[in-house]
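The primary structure of each chain is shown beneath.
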Amino acid sequence: MKTQMFLIAGLVALTALTGCRTPTTNIDEMNDQAGAIAGFDYRDINRSLAKAVNSMLSVGRLQRTDGGRWLVNVMPIKDDTTSRGRDTGALSGALHTSLCEELTNSGKCLIFNPDVARYAQTSATPQLVLIGEITSRTLFMDNHDRQIEYNLNLHLIETATGVEIWQKRVFIGKRADRNAIY
Amino acid sequence: MKTFTRKEFIRGLLVVGTAGTLAGCLSPLQNPPLDPRIIVADNIKGQLVVNDVRVAPGLSDHLTIQATVQNVTRSVLPFKYRVIWVDDDGIQFDSLVSSWQFASIMPQGITSFKVTSPRADVRNFRLYIEWGK
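For the structure given in this document, a descriptive report is provided here. Within each chain, residues carry numbers counting from 1 in the order of the written sequence. Written order decides the labels, with chains lettered from A and ligands numbered from 1. Selection of residues for local features in this predicted model requires a pLDDT of at least 70, selection of side-chain atom pairs for listing and counting requires 80 or more, and totals for whole chains, interfaces and linings are taken over all residues. Note that the side-chain values use all heavy atoms of the structure and ignore hydrogens as well as water.

**Examining the pattern of salt bridges**
Opposite charge on two side chains lets them pair, provided their charged atoms get close.
Stage number 1. Criterion for a salt bridge: a side-chain nitrogen of Lys or Arg within 4 Å of a carboxyl oxygen of Asp or Glu. On inspection of all chains with the given rule, the structure shows 15 salt bridges over all chains.
Stage number 2. Taking the shortest distance from any N to any O, the salt bridge between D61 of chain B and K108 of chain A comes out at 3.0 Å. Taken together, the residues span two chains, with D61 of chain B in the loop between β2 (48-56) and β3 (64-71) and K108 of chain A in the loop between α3 (90-105) and β3 (109-111).
Stage number 3. Each residue's exposure class comes from its accessible area (1.4 Å probe, protein chains only) as a fraction of the maximum for that residue type: buried when under 20%, exposed when over 50%, partly exposed otherwise. On the basis of relative accessible area, D61 of chain B is assigned to the partly exposed category, the value being 33%.
Stage number 4. The salt bridge partner of R119 of chain B is D121 of chain B, with a shortest N-O separation of 2.9 Å.
Stage number 5. When its relative accessible area of 28% is taken as the criterion, R119 of chain B is described as partly exposed.
Stage number 6. In this structure, a network of salt bridges that share partners links the residues D32, D41 and R43 of chain A. Numbering of helices and strands runs from the N terminus; a helix is a DSSP stretch of H or I covering at least four residues, while a strand is a stretch of E covering at least two.

Here it is, written out as structure tokens:
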């Protein structure tokens, strides 16, 4: 009788635990209903870059009088966030590629690749250089919850003169539980 | 306890009925007839009014759209918006600038937001506004 009771209890516990498992689902980028996370996820990458690109294109700094396109050297985005230990290069790589993609699609720029340029037969010098970094800062609120402040800083500089023709700081702020992992 | 005569009761009923009918006739503040390119989702329609939408090249040859929206409720209203840019043939451009952007408006408040087209050769747009946070 006792053994049977244990078996039933075990079965019930197993069923309950199995029921608690989150089923695996694919993320629909356009209609992601999941709540925000404390880390800097793909939605934050998209949102922050959209703001930066909007700013860059709206002020008309990329317009050339001759109608030509700029050759831009987009430097790797420096990842100065505290999460860099776990996903080294992933965040800065995503930011870098997305930024290059938007610049190319704008029809105003061509992207200079320094790794391949050293083997090129004819040399080309980039006219602009885009420097960027992403930083994070964690502050503690009065109730000891965390406030995480991410800043994406971008600078577009004319290489011939050193004149900075555009700059933008995009802020993404989050408030999370004190035990949140990011 | 005061007792009502039949006449008083009918008069009261008439007053309440008229007031109810009149209140029912009052139309709540709604979105004015909108440009079909501006799509406000049903989940926010009665709470947010699009006051104004402007499209202009501004300082660059890229089109910039600016929309002014108003929160007609008495609580903070979170919403999200995105602009899809399309060419002459109605084919949309894939771009990060078409990602959902989040914002909120204070009770009875008004706010504006701007989005710039990813390319200079876009001709048209579709603006989507939904409830969301």
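After that view, the rundown keeps rolling.
**Considering the sheet that holds strand β7 (residues 124-131) of chain B**
Residues and elements named next belong to chain B.
Stage number 1. The pairing criterion for strands is at least two bridges between them, as found by DSSP. Read from one edge of the open sheet, four strands run β1-β7-β4-β5, paired in mixed fashion. For this open sheet the edge positions go to β1 (38-40) and β5 (101-105), each flanked by a neighbour on one side alone. Strand-to-strand twist in this sheet, taken as the mean axis angle between neighbours without regard to direction, amounts to 25°.
Stage number 2. Note: strand β4 (residues 77-86) against β7, eight bridges, orientation antiparallel. All axes are obtained by fitting lines to C-alpha atoms, using only the stretch in contact for helices, and the reported angles, taken between N-to-C directions, cover 0 to 180 degrees.

**Considering the interface of chain B and chain A**
Stage number 1. Contact between two residues is taken to exist if any of their heavy atoms lie within 4.5 Å; hydrogens are not considered. Taken together, the contacts link 22 residues of chain B with 20 residues of chain A.
Stage number 2. Overall, the association of chain B and chain A removes approximately 1700 Å² of surface from exposure, summing both partners, and the carbon and sulfur fraction of that is 49%.
Stage number 3. One can count one salt bridge joining chain B with chain A.
Stage number 4. Elements with a minimum of two residues in the side of chain B that touches chain A: β4, β5 and β6 (110-116) of chain B.
Stage number 5. With three residues, the single largest contributor to the side of chain B that touches chain A is β6 of chain B.
Stage number 6. Looking at the side of chain B that touches chain A residue by residue, the classes come out as eight nonpolar, eight polar and six charged. Buried area is understood as the total, over both parts, of accessible area removed when two parts are fitted together, assessed with a 1.4 Å probe. Gly counts as polar in this scheme, as do all residues outside two lists: the nonpolar Ala, Val, Leu, Ile, Met, Phe, Trp, Tyr, Cys and Pro, and the charged Asp, Glu, Lys and Arg.

**Structural notes on the sheet that holds β2 of chain B**
Stage number 1. As summarised here, the arrangement of the three strands in space is β2-β3-β6 (chain B), forming an open sheet in which the pairing is antiparallel. Since the sheet does not close on itself, it has two edges, and those belong to β2 and β6 of chain B, each with one partner. In this sheet, neighbouring strand axes are inclined to one another by 20° on average, regardless of whether the strands run parallel or antiparallel.
Stage number 2. Two strands pair when backbone bridges link them, and β2 of chain B and β3 of chain B are joined in this way by eight bridges, in the antiparallel orientation. Pairing of R54 of chain B across the sheet is with Q66 of chain B, part of β3 of chain B.
Stage number 3. Packing against the sheet, helix α2 (residues 42-58) of chain A makes contact with β3 and β6 of chain B, and its axis sits at approximately 75° to β6 of chain B.

**Quick look at the side chain of H62 of chain B**
Stage number 1. If you trace the backbone, H62 of chain B turns up in the loop between β2 and β3.
Stage number 2. A residue is classified by how much of its surface remains accessible, and H62 of chain B, at 2% relative accessible area, is buried.
Stage number 3. Not counting residues within four places of it along the chain, the set of residues in contact with H62 of chain B comprises L57, S106 and K108 of chain A together with A56, P57, T116, S117, P118, R119 and A120 of chain B.

**Some points on α3 of chain A**
All names here are of chain A.
Stage number 1. Here α3 is 16 residues long and its end C-alpha atoms lie 22 Å apart, about the 22 Å a rise of 1.5 Å per residue gives.
Stage number 2. Burial in α3 covers these residues: L91, S92, L95, S98, L99, C100, E102 and L103.
Stage number 3. On the buried face of α3, the contacting elements are α2, β1 (70-74), β2 (78-80), β3, β4 (128-140) and β5 (146-158).
Stage number 4. Positive backbone phi, approximately 80°, marks G107, located one or two places after α3. Each residue after the first adds 1.5 Å to the expected span of a helix.

**Observations concerning the environment of P36 of chain B**
Stage number 1. Looking at where P36 of chain B falls in the secondary structure, it is placed in the loop between α1 (6-25) and β1.
Stage number 2. When the C-alpha atoms of P36 of chain B and D88 of chain B are compared, they prove to be 17 Å apart, with 52 residues separating the residues in sequence.

**What to know about the pairing of strand β6 (residues 164-176) of chain A**
All names here are of chain A.
Stage number 1. Pairing of β5 with β6 involves twelve bridges; the strand directions are antiparallel. Each bridged residue has a counterpart across the sheet, and for Q147 the counterpart in β6 is R175.
Stage number 2. Connecting the antiparallel pair β5 and β6 is a turn made up of five residues, with G162 showing a positive phi of about 80°.

**Brief notes about the nonpolar core**
Stage number 1. If you look at the biggest cluster of nonpolar residues, it comprises 57 residues, and the most contacted ones within it are L62 and V72 of chain A together with L48, F79, W85, L127 and I129 of chain B.
Stage number 2. It is α2 of chain A that provides the largest number of residues to this core, a total of six residues.
Stage number 3. Those residues in contact with V72 of chain A that sit more than four places away from it in its chain are L103, C109, L110, I111, F112, P126, L128, L130 and L156 of chain A. For our purposes a nonpolar core is just a set of buried Ala, Val, Leu, Ile, Met, Phe, Trp, Tyr and Cys residues, chained together by side-chain atoms within 4.5 Å.

**Quick look at the environment of S98 of chain A**
Stage number 1. Within the secondary structure layout, S98 of chain A lies in helix α3.
Stage number 2. Linking S98 of chain A and A34 of chain A, residues 64 residues apart in sequence, is a C-alpha distance of 23 Å.
Stage number 3. Not counting residues within four places of it along the chain, the set of residues in contact with S98 of chain A comprises L49 of chain A together with L96 of chain B.

**A look at unusual backbone geometry**
All names here are of chain A.
Stage number 1. In this structure, H144 is a non-glycine residue whose phi angle is positive, near 70°.
Stage number 2. Topologically, H144 is positioned in the loop between β4 and β5.
Stage number 3. Given a relative accessible area of 52%, H144 falls into the exposed group.

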